[in-house]
Amino acid sequence: MRGQYNAKRGAKFRIEPGGNERPWLKPAPRHAWLVAGFVRNELGRTEDRRLSVLCRRSQEQVHRNHVRKPTAPPPVRSRRVSEPVESLRAQLRERGYLSHGIERWFARDPWSSRTFWSELGVVAFKAAALIAVFASLAHTAVMLFRNGPLGAYETLILFSLYGAVWMALAAALVLALALALKSRPEVPVDNPKVLLMISIGASGAIAAAFGLWWYAFDTPPSTIEIVAGVALAGLLFLVATVVVSAAILSFSIYELKRIPAIHQKPRTIPIAIAAAILIALLFIPAYATGRREEPAPLQVVTRPSARRLALIAADGLTFELLRTRTALTRQFESVHATSAIRGASAAERWASLGAGVPASLHGVRSIAGVRLAASATVLQSISRADWPLQRIAPAAGLARLEPLPPTVRRRDFAWEILAARGVPSVAVNWWTSGEQQGALTSIGQETIFAGARGDALRLDALAERRFTAAVEQRQPQFATVYLPALDVILNRLTSDRSVEVAGVMQALGGFEATIARLSNAGYDIVLAGMPGEGQSGQAVVAATFPIAKPATTFDVAPTILDVLGFPSSNEMPGNSLAGTTHEPRISSYGPHAAPAGTIKLNQEFYESLRSLGYIR
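All values reported here derive from a predicted model rather than from experimental measurement.

S.K.: In this structure, what is going on with the overall build of the protein? I would like to understand it.
M.R.: A count of helices and strands for the protein gives 22 helices and 13 strands. In the protein, buried positions account for 47% of the 616 residues. Pairs at least 24 residues apart make up 71% of the contacts formed inside the protein by residues separated by at least 6 positions. Carbon and sulfur atoms provide 58% of the accessible area of the protein, an area that totals close to 30600 Å².

Structure follows, in structure tokens:
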């Protein structure tokens, strides 16, 4: 075969059978120069130049095409990363799952060696954590509105308790949805509308659970609570929809080992920022200044009064019921129907009457509450559906149920105001009152309720007996007793109609005897009655001396103070009914001087309240 000489490179190529050219590195023979000279002589100089250029270009092209270049060694591939996994990750990044959005947190490697239950558990845990944050946020916010400003410790305990419960519930919900879709995991992947319907249904169930818990409070919410609660419930619904959608989609991707053609906008950062801000807002009341309390006055201008006054407080006694007892009505000079103070519990209503101020100031809301562990605060306003706080927390040692101690009341009763300024007083069986000796002889409810052993008439009999003994012994200028038997018989215990009527008559007979003894001892008497829980009828205020018609039972406390020569405060919405010369009002009598430390009430008192129908 003939070879072609490359003058520039000094290489020669030979054509082998089959048309392949291979480089021949031997030097070109001498006769090649003769052939070149012959061509040069025949074609001339111009033609020779053109031919030389063409030959050089041709040989360089052949050299480039057929001379093998050294190739790079194949890349070393990791054993853990395969080409399908890299392809999957590329698809995920293209569609936003590994670059932005909630899905990035849920997306897992479908071809990794994880078991089914491991993958499902991780997805459910992640979804439950996000849902629990926003659900417990809504619960804690409502509890802060209901129970006033709480400290950082109490807020943290509530948030953690509700969060733990919602973690379990949300994880169970996601697990149930995933197991239900296991037979057809392609449904959420291939049909976005079905995925959206599943997510909306699940988030609707979550928001409905919060709504039922909120609805189960005994009292309606305030306007600001409604606004905040609805906003947080809406946020919970949106977050739950996104989270459930991402969790179910991630599970389906793992099952099918393919990626759906769905692109989601980034959501992780906005949701995380919103959660952080809202959680921080929960703790603002713990460090805020709060309501400014008016200090107690250094000196109160009073009128000398030698009158002796007694207050009989009859729970469950209405104007209509009093009129049926003619012998009792004849003991009073003035008998008036009036409007009762509203309240969610007997303790709230009667604390408002005794202190003369609304519940927003005196702070008593319920019969019993929940005291968180290592906390001096008792949560009073609790939803009837709040089984985490009423069942789980006590079982876990995080809280305990107990009647309200005297420390929860933030304003003095009228007789505490009198005793603090030298007026000898006796008070028996009043809510949130403890045992006390001195200018005020106070006999609390603990021993009286525990001694009643579930018998309403025995409850009144013990209170009247202790009251009579204290009055005879101390001879106070003011005396009061709270008698709850009528409320228990008519509203809290279920009994035969004949037994109920007999009990009512016996309770009214006890009132007559007590009033007669006080009248014989020289006391002017005020009888105040209010309907019990769920009872119809009007409240009643009667007195053995002339009084004006009351507007509400808020007028009782100012009347007591006025009769004994003390001015009312601007915090009291009521007015005196006694018709004496009115002294200028003072701004406030100051906060209630509660006993120092935490007061623990015994379990027998709590069980007695339960047996009498006060706690269900």
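S.K.: Is there a simple way to think about the packing of helix 7 (residues 192–215) against helix 8 (residues 223–256) in this case?
M.R.: Helix packing for two helices is described by the angle between their axes and how far apart those axes are. Viewed as axis vectors pointing N to C, helix 7 and helix 8 meet at an angle of 145°, and their least axial separation amounts to 8 Å. The two elements helix 7 and helix 8 cross, and the hand of that crossing is right-handed. Classifying every residue of the contact of helix 7 with helix 8 by side-chain character gives 16 nonpolar, six polar and one charged.

S.K.: Looking at this model, I keep getting lost on the sheet that holds strand 4 (residues 309–315). Mind explaining?
M.R.: Across a sheet, paired strands are connected by hydrogen bonds in the backbone, their directions being either parallel or antiparallel. Taken in spatial order, the seven strands line up as 5-13-12-4-11-9-10 in an open sheet, and their pairing is mixed. Two strands lie at the open edges of the sheet, namely strand 5 (334–338) and strand 10 (440–443), each paired on one side alone. Adjacent strand axes in the sheet meet at a mean angle of 10°, parallel and antiparallel pairs treated alike. As judged from the five bridges shared by strand 5 and strand 13 (residues 539–543), these two strands associate in the antiparallel manner. Residue pairing across strands places alanine 337 opposite valine 540, the latter belonging to strand 13. Packed on one face of the sheet, helix 18 (residues 456–474) meets strand 9 (425–428), strand 10 and strand 11 (478–483) and runs near 170° to strand 11.

S.K.: Hey, could you run me through helix 15 (residues 387–395) in this one?
M.R.: Note: α-helices contain 3.6 residues per turn, so residues at a spacing of three or four share the same orientation. The set of residues buried in helix 15 consists of Pro388, Leu389 and Ala393. End-on view of helix 15: buried residues confined to an arc of 80°, all on one side of the axis. Along helix 15, exposed side chains directed more than 90 degrees from the buried face belong to Arg391 and Ala395. Glycine 397, located one to two residues past helix 15, shows a positive phi value of around 80°.

S.K.: So what exactly am I meant to see when it comes to the pattern of salt bridges here?
M.R.: Think of it this way: side chains of opposite charge can pair up when their charged atoms draw near. A full pass over the atoms with the stated rule returns ten salt bridges. The partner of glutamate 225 in a salt bridge is arginine 146, with the nearest N and O atoms 3.0 Å apart. Here the residue glutamate 225 occupies a position in helix 8, and arginine 146 occupies one in helix 4 (residues 116–147), the gap between them amounting to 79 residues. Both residues of the pair, glutamate 225 and arginine 146, count as buried. Note that aspartate 487 is salt-bridged to arginine 492, the shortest N-O span being 2.8 Å. A residue is classified by how much of its surface remains accessible, and aspartate 487, at 0% relative accessible area, is buried. By sharing partners, the salt bridges in this structure join Asp487, Arg492 and Glu533 into a single network.

S.K.: Hey, could you run me through the side chain of arginine 146 in this one?
M.R.: For arginine 146, a relative accessible area of 10% gives the class buried. Once residues lying within four places of it in the same chain are set aside, the contact partners of arginine 146 are Trp214, Phe217, Thr219, Pro220, Pro221, Glu225 and Ser381.

S.K.: Is there a simple way to think about the sheet that holds strand 8 (residues 399–403) in this case?
M.R.: Strand order in this open sheet of three strands is 7-6-8, and the pairing throughout is antiparallel. Unpaired on one side and paired on the other, strand 7 (378–379) and strand 8 mark the two borders of the sheet. For strand 6 (residues 368–372) and strand 8, the ladder comprises five bridges, and the chain directions are antiparallel. In the strand pairing of strand 8, valine 370 is matched with leucine 401.

S.K.: Explain the pairing of strand 4 to me, please; I cannot follow it from the model alone.
M.R.: Regular strands place their side chains on alternate faces of the sheet. Across the seven residues that make up strand 4, a large majority, seven, are buried. Here strand 4 shows two buried faces, one formed by Leu309, Leu311, Ala313 and Asp315 and the other by Ala310, Ile312 and Ala314. Of the pairings in the sheet, the one linking strand 4 to strand 11 comprises six bridges and is parallel in character. Across the sheet, the residue bridging to alanine 313 is tyrosine 482, located in strand 11. The pairing of strand 4 with strand 12 (residues 524–530) spans seven bridges and is classified as parallel. Considered in strand 12, the bridge of leucine 309 is made with aspartate 524.

S.K.: Would you mind going over the environment of alanine 314 with me for this structure?
M.R.: One can find alanine 314 in strand 4. Expressed as a C-alpha distance, the spacing of alanine 314 and leucine 508, which sit 194 residues apart in the sequence, is 9.5 Å.

S.K.: When you look at the packing of aromatic side chains in this model, what are you seeing that I'm missing?
M.R.: How two aromatic rings sit relative to each other is given by the distance of their centres and the angle of their planes. For the coordinates displayed, the defined rule picks out 16 aromatic pairs. Plain terms: the ring middles of tryptophan 431 and tyrosine 614 are 5.4 Å apart, the flat faces sit at 70° to each other, and that makes the pair edge-to-face. Taken together, the residues tryptophan 431 in the loop between strand 9 and strand 10 and tyrosine 614 in the segment after helix 22 (603–611) connect sequence positions 183 residues apart. Residue classification places tyrosine 614 among the buried positions, given a relative accessible area of 6%. In this structure an aromatic cluster arises from ring pairing among Trp350, Phe413, Trp415, Trp430, Trp431, Phe449, Phe478, Tyr482, Phe605 and Tyr614. Its guanidinium or amino end placed over the ring of phenylalanine 217, arginine 146 lies 4.3 Å from that ring's centre, counting from NZ or CZ. In this structure, arginine 307 is placed above the aromatic ring of phenylalanine 545, and the distance from its NZ or CZ to the ring centre is 4.9 Å.

Analysis parameters
- Starting afresh in each chain, residues are numbered from 1 along the sequence in its written order.
- Selection of residues for local features in this predicted model requires a pLDDT of at least 70, selection of side-chain atom pairs for listing and counting requires 80 or more, and totals for whole chains, interfaces and linings are taken over all residues.
- Side-chain measures were taken over the full set of non-hydrogen atoms in the model, leaving aside hydrogen atoms and water.
- Only DSSP runs of H or I reaching four residues or more are called helices, and only runs of E reaching two or more are called strands; each is numbered from the N terminus.
- Burial classes follow relative accessibility: with a 1.4 Å probe on protein chains only, a residue under 20% of its type's maximum area counts as buried, one over 50% as exposed, and anything between as partly exposed.
- Whether two residues are in contact is decided by their heavy atoms: any pair within 4.5 Å suffices.
- Residue exposure ignores everything except the shown protein chains as possible cover, and the areas themselves are Shrake-Rupley values with a 1.4 Å probe.
- Axis lines are fitted through C-alpha atoms, for helices just across the contact stretch, and the angle between N-to-C directions can take any value from 0 to 180 degrees.
- Less than a right angle of anticlockwise turn of the near helix away from the far helix marks a crossing as left-handed, whereas a clockwise turn marks it as right-handed.
- We call Asp, Glu, Lys and Arg charged. Ala, Val, Leu, Ile, Met, Phe, Trp, Tyr, Cys and Pro are nonpolar, and the rest, Gly among them, are polar.
- If DSSP finds at least two bridges between two strands, the strands pair.
- Each direction from the helix axis to a C-beta atom contributes to the arc, which is the arc of those directions.
- Definition used for salt bridges: Asp or Glu carboxyl oxygen within 4 Å of a side-chain nitrogen of Lys or Arg.
- Any two rings among Phe, Tyr and Trp, with Trp reduced to its six-membered ring, count as a pair given centres within 6.5 Å; such a pair is stacked if its planes are under 30 degrees apart, edge-to-face if over 60, and tilted if neither.
- Think of it as a cone above the ring: NZ of Lys or CZ of Arg counts as a charge over the ring if it is within 6 Å of the ring centre and within 35 degrees of the ring normal.

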